[in-house]
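# A structural walkthrough
Chain residues, written in single-letter form:
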Amino acid sequence: MRTPIIAGNWKMNKHLEDAIALAEAVASATSDVKNVDVVVAPTFVCLASVASALEGTHVGVAAQNMHTATSGAFTGEISPTMLTDVGCGHVILGHSERRQFFGETDRGVNEKAKVALAHGLIPIICIGESLGEREAEQTMDKVSFQVTAALSGIGEEDITKVVLAYEPIWAIGTGKTATPEQAQEVHASIRALLAQLYSEDIAQQIRIQYGGSVKPANIADLISQPDIDGALVGGASLKADSFSQIVMASDKG
Ligand code: 13P
């Protein structure tokens, strides 16, 4: 009953011309897709052009971050209304790279998520443990804490719009994917937590993506897990053919 969502996080890659070309190639290669939400997340400077290139297609556009204020003296930041203005419908929040390199906190992610929802943007909220935390068997403690913090104050009327992206940090850009069983175990625990925080019925409606070295070769095994509802794809989203293969393999009709 949950429509899978495949999102391509382009990170700090693709200059304008290449970004538009990639977006158009993805839209055309996946035009037969029936039951998958497809989103690409270019850099801020390419958002407007990519969104206009994708207008009228089934592919949506996400930002990779957002400020909470609509305008003001926040040098270097981008507001939620600036995102909606250019046709952006989703925003990735709390990616581990932003937490690691730019000091994003759970509290900040929570504020951003609430503001995104208030502006009609779908937040894709990233959570995940480091290698050290996994080895110390702290994965669920870490992930539960992040989920609970990120969703604090988000009510039943909004929560089913939220997308969670479980991205074990040790699997990002390393070629080391979590096994489908490892990912499923965490996804199922997240869903159980959502049932506690909201209700079983609501938990069943919330989409949880997996991210970390997702490729055409491993998407089928991942997406066949009962609690994996899509993927947040980094490296493999930078080529139209690999990203489109991931999208098509996630289409359950
Ligand atoms: P990779 O797919 O390159 O491992 O990146 C995952 C990711 O960070 C997506 O947000």
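The structure this text deals with has already been given above.
## Thoughts on the sheet that holds strand S5 (residues 122-127)
Around the barrel, eight strands lie side by side as S1-S2-S3-S4-S5-S6-S7-S8; this closed barrel has parallel pairing. For this sheet, the mean inter-axis angle between neighbouring strands, taken without regard to orientation, is 25°. As paired elements, strand S7 (residues 207-211) and strand S8 (residues 230-233) share two bridges and run parallel to each other. Bridge pairing in S8 links tyrosine 210 to alanine 231. Its contacts with the sheet put helix H7 (residues 139-151) on S5 and strand S6 (163-166), and the angle it makes with S5 is roughly 155°.

## Section: the packing of helix H1 (residues 16-29) against helix H2 (residues 44-54)
Direction vectors running N to C along H1 and H2 enclose 30°, while the axes themselves pass 9 Å from each other. In terms of axis orientation, H1 runs roughly parallel to H2. Crossing angle aside, the handedness with which H1 passes H2 is right-handed. Contacts between H1 and H2 involve Leu16, Ala19, Ile20, Ala23, Glu24 and Ala27 on the former and, on the latter, Cys46, Ser49, Val50, Ala53 and Leu54. For the contact of H1 with H2, the residue count by class is nine nonpolar, one polar and one charged.

## A few points about the site of the ligand
What surrounds the ligand is the set Asn9, Lys11, His95, Glu167, Ala171, Ile172, Gly173, Gly212, Ser213, Leu232, Gly234 and Gly235. Contact between the ligand and asparagine 9: an oxygen atom at 3.0 Å from a side-chain N or O atom of the residue. In the model, an oxygen atom of the ligand is placed 2.8 Å from a nitrogen or oxygen of the glycine 235 main chain. Its free accessible area being 310 Å², the ligand has 94% of it covered by the protein chains. Of the residues that constitute the shell around the ligand, the class distribution is three nonpolar, seven polar and two charged.

## Some points on the pairing of strand S4 (residues 90-93)
Burial of S4 is two-sided: the residues His90 and Ile92 facing one way and the residues Val91 and Leu93 facing the other way are all buried. Across two bridges, the pairing between strand S3 (residues 59-63) and S4 is parallel. Across the sheet, alanine 62 pairs through a bridge with histidine 90, a residue of S4. Crossover connection from S3 via helix H3 (residues 80-85) to parallel S4: handedness right-handed. Two elements, S4 and S5, share four bridges in a ladder whose sense is parallel. Residue pairing for S5: valine 91 is matched across the bridge by proline 123.

## Examining the pattern of salt bridges
One pass over the full model with this rule turns up 12 salt bridges. The residue glutamate 104 makes a salt bridge to lysine 112 at a minimum N-O spacing of 2.9 Å. Lysine 112 carries the same exposure label as glutamate 104, and that label is buried. In the salt-bridge network here, residues are joined through shared partners; they are Arg2, Arg191, Asp227 and Asp229.

Definitions and limits used
Residues numbered from 1 in each chain as written. Predicted model: local features only at pLDDT ≥ 70, side-chain atom pairs only at ≥ 80, totals over all residues. Heavy atoms only, no water. Pairing = 2+ DSSP bridges. Helix = DSSP H or I, 4+ residues; strand = E, 2+ residues; numbered from the N terminus. Axes fitted to C-alpha atoms, helices over the stretch in contact; angles between N-to-C directions. Contact = heavy atoms within 4.5 Å. Parallel < 35°, antiparallel > 145°, perpendicular 65-115°, else oblique. Left-handed = near helix turned anticlockwise from the far one by under 90°. Nonpolar A, V, L, I, M, F, W, Y, C, P; charged D, E, K, R; others polar. Near = heavy atom within 4 Å. Polar contact = N/O pair within 3.5 Å; in protein donor to acceptor, adjacent residues only side chain to side chain. Areas by Shrake-Rupley, 256 points an atom, 1.4 Å probe, with all protein chains shown as cover. Buried < 20%, exposed > 50% of the residue type's maximum accessible area, 1.4 Å probe, protein only. Right-handed = clockwise from strand over helix to strand, strands pointing away. Salt bridge = Lys/Arg side-chain N within 4 Å of Asp/Glu carboxyl O.

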